[in-house]
Amino acid sequence: MTMWRFPEVPLLVNVCGSLLGFVATLTLIPAFKERFLAARLCGLDLNKRSGQPIPESQGVISGAVFLIILFCFIPVPFLSCFVEEQCKAFPHHEFVALIGALLAICCMIFLGFADDVLSLRWRHKLLLPTMASLPLLMVYFTNFGNTTIVVPKPFRLLLGMHLDLGILYYVYMGMLAVFCTNAINILAGINGLEAGQSLVIAASIITFNMVELNGDYRDDHIFSLYFMIPFFFTTLGLLYHNWYPSRVFVGDTFCYFAGMTFAVVGILGHFSKTMLLFFIPQVLNFLYSLPQLFHIIPCPRHRLPRLNPETGRLEMSYSRFKPKRLSPLGVYILRISEKFHIVDVRQGADKDGEFTECNNMTLINFVLKLIGPTREKTLTVLLLLMQAVGSIIAFSIRYQLVRLFYDV
């Protein structure tokens, strides 16, 4: 017997706890506002003219509420082993998976808050999720240990039906955790976007889990729901305060917390490939940002769009640099990108000589390039609609196009 045999009561308890978490998040964020301001954990909204300090790192509150919900929930799936005689053997593997997942998420919240306080460099931002994913990888190794994948149809003549990746599979899972945490972090900078995109992804995963409850991997999707439902409701409470005009900032804490939660359910729920499909906008933003992330093209500290005070609309932000600073590879990438109208490049001169400007390579700026100057709230709504459309495409791939690659 496993802990998932009769999941109706645990899921109901989980939903009730999540609703309480939603109310708690709504209440605690304004209650702690002055404490964050007093501790100077605050910043200015660069796209507003008010100049009022806004509390940062509020993801630590939603993350703490999420952890409290699940800490209290830990015994619920195992109640049959405590109050009935139906449990022949305690499901240690399932218990370890639950505790290991919570440990990884807890580590990531702590490290994310440390990043908000200490303003760590980008190379550290890559290292932190790697460290936090180690408990997760150890749980996978001890509980499952399966590193064999089904080879897609086009490659079966070359590789066979199955392929054992060995340690490369653990490298993939570690990289997945790093990608999930940083993918949300680099698609950010306007009110409501970080929490909003995470909410859409969580809703997509919950929908996927519900559809798959009648499938062969029911237990894995119930495990995922135990995490996704509290995450959805605590994030909804955070989004209420982070929506335009934002009264709080979510901080890197929330981005790391959200990314690791998605990585946990994707890895331990055995649907990491499907979960990546829900990250289509984040993948596109990552690919578009690569030249700046690797400093092939100069990358400023902040790449968020800039406010035009006269019109009250957001416009593309630009990176300015001397042409001589570009490597031959940078020159080539810039020329090709300009030719295909992927970036906007401008030439000019000032007292220091000639300079080149190109728009910062983020999906936010690319949308502004396509539609022109836009009000911040409208831009957020458009980007969240893109996230929703990405989820629709993901479901189409998962349930239709997948037949081209796998036997289903």
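Residues numbered from 1 in each chain as written. Predicted model: local features only at pLDDT ≥ 70, side-chain atom pairs only at ≥ 80, totals over all residues. Heavy atoms only, no water.

Some points on helix H1 (residues 8-31)
Its 24 residues place the ends of H1 34 Å apart at the C-alpha level, agreeing with the 34 Å of an ideal helix rising 1.5 Å per residue. What H1 keeps buried is the set Pro10, Leu11, Asn14, Gly17, Ser18, Gly21, Thr25 and Ile29. For H1, the elements touching its buried residues are helix H2 (33-38), helix H3 (59-73) and helix H11 (218-242). (Helix = DSSP H or I, 4+ residues; strand = E, 2+ residues; numbered from the N terminus. Expected span 1.5 Å × (residues − 1). Buried < 20%, exposed > 50% of the residue type's maximum accessible area, 1.4 Å probe, protein only. Contact = heavy atoms within 4.5 Å.)

Section: the packing of helix H5 (residues 92-118) against helix H6 (residues 122-132)
At a closest axis distance of 9 Å, the pairing of H5 and H6 adopts a crossing angle of 160°. The angle between H5 and H6 falls in the class roughly antiparallel. As for how H5 packs across H6, the hand of that crossing is right-handed. For the pair H5 and H6, contact is made by Ala104, Cys107, Met108, Leu111 and Asp115 and by Lys125, Leu128, Pro129 and Ala132, respectively. (Axes fitted to C-alpha atoms, helices over the stretch in contact; angles between N-to-C directions. Parallel < 35°, antiparallel > 145°, perpendicular 65-115°, else oblique. Left-handed = near helix turned anticlockwise from the far one by under 90°.)

Some words on the packing of aromatic side chains
Per the counting criterion, the structure on display carries 23 aromatic pairs. A centroid spacing of 5.8 Å and a plane angle of 50° characterise the contact between Tyr169 and Tyr172, whose relative ring orientation is tilted. Here Tyr169 pairs with Tyr172, and both are found in helix H9 (residues 167-186), just 3 residues apart, close to one helical turn. Given the relative accessible area of 15%, Tyr169 is considered buried. A relative accessible area of 26% places Tyr172 in the partly exposed class. Between Phe231 and Phe262 the ring centres are 5.2 Å apart and the planes differ by 70°, which places this aromatic pair in the edge-to-face class. Residue Phe231 is located in helix H11, and its partner Phe262 is located in helix H12 (residues 251-268); the two are separated by 31 residues in the primary sequence. By the ring-pair criterion, three or more aromatic residues cluster together here, those being Phe66, Phe179, Phe231, Phe254, Phe257, Phe262, Phe279 and Phe286. (Phe/Tyr/Trp six-rings, centres within 6.5 Å; stacked < 30°, edge-to-face > 60°.)

What about the pattern of salt bridges?
The full count for this structure, using the stated rule, is 5 salt bridges. Among the ionic pairs, Glu212 bridges to Arg398, the shortest N-O distance being 3.9 Å. Of the two residues, Glu212 sits in the loop between helix H10 (193-211) and H11 while Arg398 sits in helix H17 (residues 376-399), which places them 186 residues apart along the sequence. Residues joined in a network through salt bridges with shared partners are Asp45, Lys48 and Glu376. (Salt bridge = Lys/Arg side-chain N within 4 Å of Asp/Glu carboxyl O.)

Interpretation in functional terms is not warranted from these geometric data alone.
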